[in-house]
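Breakdown of the fold
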Amino acid sequence: MTPSLRLGRARPRRPATALALVAAGLATLVALTQPAAAQPASAISHRQPAQHARRGQRLVRLDMHPAAGLGQPIGPASARQHLALDVVLAGGTTASPGSPGAARTLEGFLSRHGVFARRIGGALHLTTSIATAERLLSVHFFDYRVDGALVYAAGPPGLPAAVAADVVTIIGLSDRPVAHAELTTLPGAPAERWSPSGVVAPESAGAPAACSTAANYAAGGGWHTMVTSGTHYGASALWTAGEVGTGVTIAALEFAPSSSSDIAAYDACFGLDAASYHVVPIDGGAGPDANGTMEADLDIEQLQTQAPGATIDSYEAPNSLAGWYDMLNPIISADAVKVISISWGMCEALYAASDLASLHRLFAEAAAQGQSVFVAAGDSGAEDCYDPSSGANASMLAVDYPASDPSVTAVGGSVIGSPDTVWHDTSGAGGGGVSSTFSEPSAQEQVAGALSGSCGSAACRGVPDLSADAYGVVFYGAGAWQVGAGTSFAAPLVAGMVADLVPSCSTGIGDLAPRLYTWDQGPEASQVISDITSGNNDFTGAFSGLDYPAQPGYDLASGLGTINAAALSCPQVTAMSDSAGPAGTSLQLTGSHLAGASVTIGGAAATITAQSATSLSVEVPSGSGTAPLVITNPTGAGAAAAFTYGAVPITSPASASATAGSPFSFTVTTAATLTPTISETAPLPAGLSFADHGDGTASLTGTATTVGTYDLSITAANTSGTTLEPFTLDVTAAPAPPPTTTTTTTPTPPATAGSSGGGSSGGGGGGGFGGGGGGAAFPGGGGGAPSPPPSTPIAPTPAPVSATPAPAPLPRPAPHPVLGASGPARGAASGSATAVSLRCPSACRGEAIVRLGRRLVGLDNFKLAAQGKRIITVRLTKLVRAALSRDLDHSVVLTEQVRMGATLLTRKIRLHLTPRVHSASTAVVRGQHARLAFSCSLRCLVTLRLSARGVALTRHFVLMPGHRQLTLAIPPALRAALARSARGRLTLREHVAVLGGRTETATLVLTTRP
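Residues numbered from 1 in each chain as written. Predicted model: local features only at pLDDT ≥ 70, side-chain atom pairs only at ≥ 80, totals over all residues. Heavy atoms only, no water.

Details of the overall build of the chain
What counts, and what does not: Secondary structure elements are defined from DSSP: runs of H or I of at least 4 residues count as helices, runs of E of at least 2 residues count as strands, and each element is numbered from the N terminus. Summary of the burial criterion: residues with accessible area below 20% of their type's maximum are buried, those above 50% are exposed, and those between are partly exposed, where the area comes from a 1.4 Å probe applied to protein chains only. Residue contacts are defined here by distance: any two heavy atoms, one from each residue, within 4.5 Å place the two residues in contact. Only the protein chains shown count as covering a residue, and every accessible area follows the Shrake-Rupley method with a 1.4 Å probe.
Within the chain one finds 18 helices and 63 strands. Counting every position in the chain, which comprises 1010 residues, the buried fraction comes to 51%. In the chain, 69% of the contacts between residues at least 6 apart in sequence involve partners at least 24 apart. Here the chain displays about 40200 Å² of accessible surface, and carbon together with sulfur accounts for 55% of that area.

Written as structure tokens, this is what we have:
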């Protein structure tokens, strides 16, 4: 039996030296009431010891001691050991970079010692040896033993006074561990190796689904998969809507190396793309740590599950303060990653005040620039410093860092159910409590009240902010299916769901916690947050469950409770009643996630008169010009639309037709709330007149007498502005009556018996008893006796004249655009635009609209002259491009509409993109496997079939855009054939078929030599 695992950063075994630091640290930690501000004056001790050994300069020692709490050294550290150091600058952040001269002064000082530094964000990063660092900083490094392992550390560093004034601290003077990922075993189901049976492809909407192996393993032990976790919190609704984190990069911070084989096995089971995960080594990468590797595996697997369209960058660094800083600093200074997940940490009391201040500056900067950081709250409940191996600190209340940082969102642990409860059993409990260092953020205080503690402020930071599933979750690690518990599952779970939301917001979401506290105080709180009222996190039982119990509202065991991710999307507008108008115009907006939203136009708040989850009625505030219309709910702002001030919208068509001599009437209409004055200034055709009705409408009436095309000018004006609208009137002539015809009839004498009929050119008159006669032109009349000429000539009698009356003129249809054919999306790989073909019999104007379902995804205004033709390119939003790229058939149905006044033409089109797949022509076989390289222009479901010498292989897999390495097991027959080959080469026939695309046939050469 392989036990199940409890993963997280809980209850590390701490030696006596580390425990001694707890007492010392609690007495010396500086209360950071304003932790975001750099405080070099208080961080530097201006003691003046001996002169600088080499230059005789006055030294300033930084008020930090990396060796504090490590006990007695066991000898000097190796002088050849290399250090990664970060010199943190005063005011040195991306937002407040500090003095460029200060950085140059420091760089000059370092270069004189043969050390060259690189500026990253608010610090100078450098790599040097211990021997050089000792000369540079006037310190000595010694080795210490911690948990049976050697670590090095130095005393307080010293710098020349001219340089020290610009330095807050120096990070990297010790490699003592600063975070833990300890695993606790529990009775559980036997571990099961992965098998390819039941492998499934992802659903079309991007939702992952478990293969039979994982599903059966979870069901056999009463556990559940990560898909179940996400579904419980509304992630499945996001996946179905296509919100899968496409285009978002998530950073996972790890102090142990991840296992690509474990992740590949998990991804193959759940239909995910292993190529979406990349390792970013920091300071040479993370050292070996079996338990930590499983921690890294589950973090990445959880993030991939909850955000199947996102890219996962696993930052892996040595377990030290320098590793912490060197992972965070480039991520935050580059500001490209919008979601950061952290499942590591340590009891807050074990960090020095200068260390906390340096890391907090980075977290505060991340929140300020819209980066969201999610941190596991710990697994030792309210007693985070508790040491289970010795029982020490069992009754000491403490929280975990960096979960206690006020600029991150701390995620505690819960057990899913109806309802959820606080996670607390013999394996662990969700971390929570009050920080002894950081003051309480104002948003938290408004909900939770002033949380008392020893942080040096009237109110201290409370942990956690919310909770998520932390018990009984299946993952793949150490080459087998495992089941575990811990807030290590909870933090990446929430991080992945938030990554799904990021594309719906026009700016970064940033720290989610303050936004959740705002939601909690609004009318939609129950739709977004589910309170947890059962359980406690008094893990050791030292406080009889009173520190801290779950209760209604915010509590220190579960925070606000759990979230409904589907209700957290930023608001989206699919339609507006108008895009222009004066101040005071009543504007109707429809869309999604509009409940609890506010509207600004040009930065001015619009008054909301009616509101629901799908519609808003607002009154346009004062303003001018074209201004952005932005809708914001507590999560963030959706995509902005444009609204034009000062124009009175004229809603009637811009052209009409009249018939000369016939009555004509045309009504001009407007949509302004403030009634405008309507006038016409160009010469009118004779017989027509223009009248303003005083109610926002006017009329052009009369009987035109002169044929022609008249370019008129209609003006609508009120106190907010004036609109000048060109208007084309086409006066056509009445249809001419048909010509009058006169018919003359000549009587025919009575025929006698035997007379013949027929004329000279006509034929076929009938005889009385004989046949009809033929004429000269048409001979062949029937014969009788010849007929004598008439005895008496008869004068012709004129026939009556009948004049056909002219038909009434048919009413000419109002001019309207005609929707022509549209081709496929332009730019086959991106689907960035669609073409709408239009023509108008008369001058016309309107809008070309493209929708995906109910969402507006493309819009273009047009104005065409009479008989004009135009191809309008409507650019498609990233929603359509995402739908095209994620759908394995690479097709999407759009609705194209053309609106002109009251006329609306609609049709459906299907965009279809053809993916392009390329594969390498050779593959190297090592042992029983070969690694094949593929690339695809889109997200593709690929069927690979290889055949040679009567043996065939078939594999199905998913490719994301970019390159992917596929590990392929080579059957014994092919390995034997390869072994028999004198050159160590075997040629196979390769067929690569793509769903929605084509099949490409090529040859693949297997070889044993690279």
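Quick word on the nonpolar core
Note the cut-off: What is meant by a nonpolar core is a set of buried Ala, Val, Leu, Ile, Met, Phe, Trp, Tyr and Cys residues, joined one to another through side-chain atoms within 4.5 Å.
In terms of nonpolar packing, the biggest core is built from 75 residues, with Ile250, Phe270, Val339, Phe374, Trp481 and Val494 touching the most fellow members. It is helix H14 (residues 487-501) that provides the largest number of residues to this core, a total of 9 residues. Discounting residues that sit within four places of it in the chain, phenylalanine 374 has contacts with Val339, Ile340, Ser341, Ile342, Thr409, Val411, Ala491, Val494, Ala495, Val498 and Leu512. Ala256, Ile282, Cys385 and Phe438 belong to the second-largest nonpolar core, a separate cluster that totals 48 residues.

Description of the state of the cysteines
The condition is simple: Two cysteine sulfur atoms form a disulfide, by the criterion used here, when they sit within 2.5 Å.
Enumeration over the complete set of coordinates arrives at 4 disulfides. Two residues share a disulfide in this structure: cysteine 211 and cysteine 269, whose sulfurs sit 2.0 Å from each other. Handedness of the cysteine 211-cysteine 269 disulfide follows from its S-S torsion of about -100 degrees: it is left-handed. Here the residue cysteine 211 occupies a position in the loop between strand E12 (184-186) and helix H6 (212-221), and cysteine 269 occupies one in helix H9 (residues 260-270), the gap between them amounting to 58 residues. Grouping residues by exposure puts cysteine 211 and cysteine 269 together as buried.

Brief notes about the packing of aromatic side chains
Selection criterion: A pair of Phe, Tyr and Trp rings is counted when the ring centres sit within 6.5 Å of each other, with Trp represented by its six-membered ring. The angle between the planes then sorts it: under 30 degrees is stacked, over 60 is edge-to-face, the rest tilted.
Using the criterion set out here, one finds 15 aromatic pairs in the structure. On the numbers, 5.9 Å between centres and 15 degrees between planes, the contact of tyrosine 401 with phenylalanine 438 is stacked. Here phenylalanine 438 lies in strand E24 (residues 433-439) and tyrosine 401 lies in strand E19 (residues 400-401), a separation of 37 residues in the sequence. Taken individually, tyrosine 401 and phenylalanine 438 each receive the classification buried, so the pair is uniform in this respect. A network of ring pairs unites the aromatic residues Tyr266, Phe270, Tyr476 and Trp481 as a single cluster.

A look at the packing of helix H11 (residues 321-334) against helix H12 (residues 353-368)
This is how it is decided: Geometry is summarised by axes, namely lines fitted to C-alpha atoms with helices restricted to the contacting stretch, and by angles between N-to-C directions that run from 0 to 180 degrees. Angular relationships are summarised with four words: roughly parallel below 35 degrees, roughly antiparallel beyond 145, roughly perpendicular across 65 to 115, and oblique for the angles in between. Handedness of a crossing is defined here by the sense of rotation of the near helix relative to the far one, left-handed for an anticlockwise turn of less than a right angle and right-handed for a clockwise turn.
The interhelical angle for the contact between H11 and H12, taken along N-to-C directions, is 20 degrees, at an axis separation of 10 Å. The orientation of H11 with respect to H12, classified from their angle, is roughly parallel. Two packed elements cross with a definite hand, and for H11 against H12 that hand is left-handed. In contact with Leu321, Trp324, Tyr325, Leu328, Asn329 and Ile332 of H11, H12 contributes Asp355, Ser358, Leu359, Leu362, Phe363, Glu365 and Ala366.

Quick notes on the sheet that holds strand E4 (residues 75-76)
To keep it simple, the criterion reads: Strand pairing follows a simple DSSP-based rule, namely that at least 2 bridges must link the two strands.
In space, the 3 strands of this open sheet follow the order E4-E8-E9, with antiparallel pairing throughout. Either end of the sheet is taken by a strand with one partner, and the two such strands are E4 and strand E9 (149-154). Examined bridge by bridge, strand E8 (residues 141-146) and E9 share 6 bridges and lie antiparallel to one another. Each bridged residue has a counterpart across the sheet, and for valine 146 the counterpart in E9 is alanine 149.

Some details on the pattern of salt bridges
Where we set the bar: Salt bridges are defined as contacts in which a side-chain nitrogen from Lys or Arg sits within 4 Å of a carboxyl oxygen from Asp or Glu.
Here the structure, examined in full by the defined rule, presents 2 salt bridges. Note that aspartate 335 and lysine 338 form a salt bridge whose closest N and O atoms lie 3.1 Å from each other. On the accessibility criterion, aspartate 335 (25% relative accessible area) is partly exposed. Residue aspartate 465 is joined to arginine 461 by a salt bridge in which the shortest nitrogen-to-oxygen separation is 2.8 Å.

Focus on the sheet that holds strand E41 (residues 663-669)
With antiparallel pairing, the 3 strands of this open sheet are ordered in space as E41-E44-E43. Only two strands of the sheet have a single partner each, and these edge strands are E41 and strand E43 (688-692). On average, adjacent strands in this sheet sit at an angle of 15 degrees to one another, irrespective of strand direction. Relative to strand E44 (residues 697-703), E41 runs antiparallel, the two sharing 7 bridges. When the bridges of E44 are listed, valine 668 appears paired with alanine 698.

Considering the environment of glutamate 847
Mapping glutamate 847 onto the fold places it in strand E51 (residues 844-852). Considering only alpha carbons, one finds glutamate 847 and leucine 859, 12 residues apart in sequence, at a separation of 7.0 Å. The contact partners of glutamate 847, leaving out residues within four places of it in the chain, are Leu859, Asp860, Asn861, Phe862, Gln897, Val898 and Arg899.

A look at the packing of helix H10 (residues 290-306) against H14
Going by this rule: Residue classes follow a fixed rule: Ala, Val, Leu, Ile, Met, Phe, Trp, Tyr, Cys and Pro count as nonpolar, while Asp, Glu, Lys and Arg count as charged, and any other residue, Gly among them, counts as polar.
With their axes 8 Å apart at the nearest point, H10 and H14 run at an angle of 30 degrees to one another. Between H10 and H14, the interaxial angle falls into the category roughly parallel. The hand of the H10/H14 crossing is right-handed. Contact residues: H10 offers Glu295, Leu298, Asp299, Gln302, Leu303 and Gln306, while H14 offers Ser488, Phe489, Pro492, Leu493, Ala495, Gly496, Met497 and Asp500. For the contact of H10 with H14, the per-class residue count stands at 7 nonpolar, 4 polar and 3 charged.

Focus on H12
We count it as follows: Expected span of a helix: the number of residues minus one, times 1.5 Å.
Taking 1.5 Å as the rise per residue, H12 with 16 residues should run 22 Å; its terminal C-alpha atoms sit 22 Å apart, in good agreement. Most of H12 sits out of view: 13 of its 16 residues are buried. Note on H12: the residue one or two positions beyond its end, glycine 370, has a positive phi of about 90 degrees.

A word on the pairing of strand E63 (residues 999-1007)
Bridging between strand E57 (residues 922-926) and E63 involves 3 bridges; their strand directions are parallel. In the strand pairing of E63, alanine 923 is matched with leucine 1006. Bridge count between strand E62 (residues 985-994) and E63: 9 bridges; the pairing is antiparallel. When the sheet's bridge partners are listed, alanine 993 is paired in E63 with threonine 999.

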